Amino acid sequence: MIPPKTRFEMEHNFYLALEDYNKRINSGDSDVVANAQWATVRHIIRVKYTPNVRVDVSTINEGMRLQGNMQKWLKK
């Protein structure tokens, strides 16, 4: 997996992971929901936003970054 080169790419990958999380939560399958909550929610709640409503990249931890990069890789 190629790491993001710019802030825009990192934000894009974060939103891909967030979109995947929302899709799993809305799936209705209790096992998928439980797995999404166990694996992702603790990383998402730590992400903060800047005053101009952009993602504060310094608050994206390693787990969230890896999930976002994986989502981008899976889209290709």
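Residues numbered from 1 in each chain as written. Predicted model: local features only at pLDDT ≥ 70, side-chain atom pairs only at ≥ 80, totals over all residues. Heavy atoms only, no water.

Caption draft 1: How the structure looks around the overall build of the protein chain. A count of helical and extended segments in the protein chain gives three helices and zero strands. Of the regular secondary structure in the protein chain, the N- to C-terminal order runs α-α-α. A globule of 76 residues ought to have a C-alpha radius of gyration of about 11 Å, and the protein chain, at 13 Å, matches this closely. Considering only C-alpha atoms, the protein chain reaches an extent of 35 × 30 × 20 Å along its principal axes. Considering the protein chain as a whole, with its 76 residues, one finds that 32% of them fall into the buried category. A sequence separation of at least 24 residues applies to 53% of the contacts in the protein chain between residues at least 6 apart. Split by element, the accessible area of the protein chain, about 5,300 Å² in all, is 58% carbon and sulfur. (Helix = DSSP H or I, 4+ residues; strand = E, 2+ residues; numbered from the N terminus. Rg over C-alpha atoms; globule rule 2.2 N^0.38 Å. Buried < 20%, exposed > 50% of the residue type's maximum accessible area, 1.4 Å probe, protein only. Contact = heavy atoms within 4.5 Å. Areas by Shrake-Rupley, 256 points an atom, 1.4 Å probe, with all protein chains shown as cover.)

Caption draft 2: Molecular detail of the side chain of Asn69. Tracing the sequence through the fold places Asn69 in helix 3 (residues 62-75). For Asn69, a relative accessible area of 8% puts it in the buried group. Ignoring sequence-local partners within four residues, the contact set of Asn69 consists of Met1, Pro3, Pro4 and Asn13.

So far we have only geometry, and geometry alone does not tell us how the molecule works.
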